[in-house]
Amino acid sequence: MVTFVDRVTLHLSAGKGGNGCVSVKREKFKPLAGPDGGNGGNGGDIVLVADPQVTTLLSYHHSPHRSAGNGGFGMGDHRSGAIGETLELPVPVGTVVKDADGTPLVDMIEPGMRFVVAPGGRGGLGNASLASPKRKAPGFALLGTPGWVGDVLLELKTVADIALVGFPSAGKSSLIAAMSAARPKIADYPFTTLHPNLGVVQAGDVRYTIADVPGLIEGASEGKGLGLEFLRHVERCTALVHVLDCATLEPGRDPISDLDVILGELGAYPVPEGQTPLLERPQVIALNKIDVPEAKDLADLVRPDLEARGYRVFEISTVARTGLRELSFALGEIVEKHRQETADAPVPERIVIRPRGSEKEFSVRVEGGTYGNIYRILGEKPVRWVQQTDFQNEEAVGFLADRLDRLGVDNELFRAGAEPGATVVIGEGDGVVFDWHPALSSAAELMTAPRGTDPRLDLNPRRTTSQRRERYHDRMDAKAAARAELDAERIRGEGE
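By convention here, each chain's residues receive numbers from 1 onward along its written sequence. Where totals are concerned, whole chains, interfaces and linings use all residues; where local detail is concerned, this predicted model gives features only for residues with pLDDT of at least 70, and gives and counts side-chain atom pairs only at 80 or more. Heavy atoms from the whole structure form the basis of all side-chain values; hydrogens and water molecules are not counted.

## Details of the pattern of salt bridges
Filter applied, for reference: Here, a salt bridge means any Lys or Arg side-chain nitrogen found within 4 Å of an Asp or Glu carboxyl oxygen. Under the scheme used here, helices are H or I runs from DSSP no shorter than 4 residues and strands are E runs no shorter than 2 residues, and both carry numbers assigned from the N terminus. For every residue, the accessible area (1.4 Å probe, protein chains only) is compared with the maximum for its type, and the residue is labelled buried under 20%, exposed over 50%, or partly exposed between those bounds.
A full pass over the atoms with the stated rule returns 21 salt bridges. One salt bridge in this structure joins Arg135 and Glu395, with 3.4 Å as the shortest N-O distance. Taken as a pair, Arg135 in the loop between helix H2 (127-130) and strand E8 (149-156) and Glu395 in helix H9 (residues 394-407) lie far apart in primary sequence, 260 residues in all. Residue classification places Arg135 among the buried positions, given a relative accessible area of 8%. For Glu395, a relative accessible area of 8% translates into the label buried. Of the charged contacts in the structure, one is a salt bridge between Arg135 and Asp402, with a shortest N-O distance of 4.0 Å. Residue Arg135 is found in the loop between H2 and E8, and its partner Asp402 is found in helix H9; the two are separated by 267 residues along the sequence.

## Thoughts on the pairing of strand E9 (residues 162-165)
Two faces belong to every sheet, and in a regular strand the side chains alternate between them. Short version of the rule: We treat two strands as partners when DSSP finds at least two bridges between them.
Burial along E9 is two-sided: the face carrying Ile162 and Leu164 and the face carrying Ala163 and Val165 are both buried. Where E9 lies against strand E11 (residues 206-212), three bridges are found, and the strand directions are parallel. Considered in E11, the bridge of Ile162 is made with Ile210. Pairing of E9 with strand E12 (residues 239-245) involves four bridges; the strand directions are parallel. Directly across from Ala163, in E12, lies its bridge partner Leu240.

## A word on the pairing of strand E6 (residues 104-108)
Bridge count between strand E5 (residues 95-99) and E6: four bridges; the pairing is antiparallel. Bridging across to E6, Val97 finds its partner in Val106. Turn length for the E5-E6 hairpin, with the two strands adjacent in sequence and antiparallel, is four residues, and the turn residue Gly102 shows positive phi of about 90°.

## Some details on the confidence of the model for the protein chain
The condition that has to hold: As a per-residue quantity, pLDDT reports the predictor's confidence and falls between 0 and 100. Should any heavy atoms of two residues lie within 4.5 Å, those residues are counted as being in contact.
Averaged over all residues, the pLDDT of the protein chain equals 81, while 82% of them reach at least 70. The weakest mean pLDDT in the protein chain belongs to helix H4 (residues 227-230) at 51; the strongest belongs to strand E3 (residues 65-67) at 95. Counting interchain partners and residues more than four positions distant, the pLDDT-below-50 stretch residues 184-194 has 27 contacts. This model gives residues 441-448 a pLDDT under 50, and the stretch forms 20 contacts once residues within four places in sequence are excluded.

## Quick look at the sheet that holds strand E4 (residues 87-91)
Applicable threshold: Helix axes are fitted only over the stretch in contact, all axes being lines through C-alpha atoms; the angle between N-to-C directions runs from 0 to 180 degrees.
Read from one edge of the open sheet, three strands run E4-E2-E7, paired in mixed fashion. Looking at which strands have only one partner, the edges of the open sheet turn out to be E4 and strand E7 (114-118). In this sheet, neighbouring strand axes are inclined to one another by 30° on average, regardless of whether the strands run parallel or antiparallel. Alignment of strand E2 (residues 46-50) against E4, held across five bridges, turns out to be parallel. Bridging across to E4, Ile46 finds its partner in Leu87.

## Points about the packing of helix H8 (residues 380-387) against H9
Note the threshold: An angle below 35 degrees is read as roughly parallel, one above 145 as roughly antiparallel, one from 65 to 115 as roughly perpendicular, and any other as oblique. The residue classification treats Ala, Val, Leu, Ile, Met, Phe, Trp, Tyr, Cys and Pro as nonpolar and Asp, Glu, Lys and Arg as charged. All others, Gly included, are polar.
Axis separation between H8 and H9 bottoms out at 10 Å; the angle between their running directions is 175°. As the angle between them shows, H8 and H9 are arranged roughly antiparallel. Only Leu400, Arg403, Leu404 and Leu407 of H9 make contact with H8, whose side of the interface consists of Lys381, Pro382, Trp385 and Val386. Considering only residue class, the contact of H8 with H9 consists of six nonpolar, no polar and two charged.

## Considering the packing of aromatic side chains
Short version of the rule: Only the six-membered ring of Trp is used, alongside the rings of Phe and Tyr, when aromatic pairs are assigned; centres must lie within 6.5 Å, and planes under 30 degrees apart are stacked while those over 60 apart are edge-to-face, with the rest tilted.
Taken as a whole and judged by the stated rule, the model has three aromatic pairs. Ring geometry for Phe391 and Phe434: centres 5.9 Å apart, planes at 45°, overall tilted. A residue pair is termed long-range when its members are at least 10 positions apart, and Phe391 in the loop between H8 and H9 and Phe434 in strand E18 (residues 432-435) qualify at 43 residues. Exposure remark for Phe391: the relative accessible area of 32% places this residue in the partly exposed category.

Below, the structure written as structure tokens:
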């Protein structure tokens, strides 16, 4: 049964924005008292929160699909729609959030840190908000935009002060169990530990965390064994403890060769930019299992060589609990020194980047097609405006044409070589396809037309009742005139 997960892909769907409302206020003696359609509510966001009480991504492994609440529709009498419920997802401290391509988005290293990973859609404006001195009673409203939909990768990197590294069955799990209250699985076969274990150690006045990283083997940095899956848990540690097995019975292995292999794998593992390389961090040697007589002799033999390399060496036994106190206090000194250096270091100024509007809010890309060029309009505003347009409403389509013209789309299409009737696509992929007619963009606010219609558009070929009545009367008048003319000719013929 899976009990620890440190990498998971989330399938997120933020809330949709609610549609705006088209409504006209009607009161006694005031049948048309003005537009009063309310705005739609914004869709709910999906927010990641760094929670110290969460230690694994297991819940997201079982339920990777998460959705936020949708915004409510606007209503008459200036009533806005309800705002979609925000979905908060607690993640362990130390979780790195990446997009679907693997590009890091944020590192959740501080408890309580919040990150909006999937923003909700915008609510559409009601016709009351769209009213202006020139457009006093809009017969349309804007639709709500969809929320962000996509995948993100959560990758947990354990936040610990000390990391225990070494070959499988070197005694790392026994060591963390002896030094802390952690109770990892311990057995006499390799790769007993399948996930990192955390323990809290109290050394005098210093309290620090220690992580048991699953065993490394030669080639771990290239994907062999389990090392590559868990080497990332070493990235955030202040110091490393090399746990060397002095009682191994495997041929060709000894503490010196084991150390060289582990150092090679740690040196080959790349750390993120700005972090100290693993081999440049404080390192301590723990010669384990000295309760075995042969292991004690081997430890005494290799200790001078290790100290000559500059390492601080401790001979320990997790069974007899020999040397553990000295090791814990030595690690406490390293952690305390690092904390003081970090506290004394100047706090870098927090830079707040505020996005500014670009000089050009859209672009026109010319693409070749079977039946001629296709002009594709790309940009946040044009795509959002298309999403907000109700294409069943002529006035809404005319409003979209006016907005695009004010943005400068028509002028840019002229520069790109577009001619009236050219195919224009707004957005990537299939997008929304138009036949471009520049004449559509001409002050629709000044035109007199029934609400919900635009005289520049002839989207509805069906005649209205008044048009059919007028045509019927014209036809009847023509028939009456024809009969009168025939009667007159008949009378003239009889007189002759």
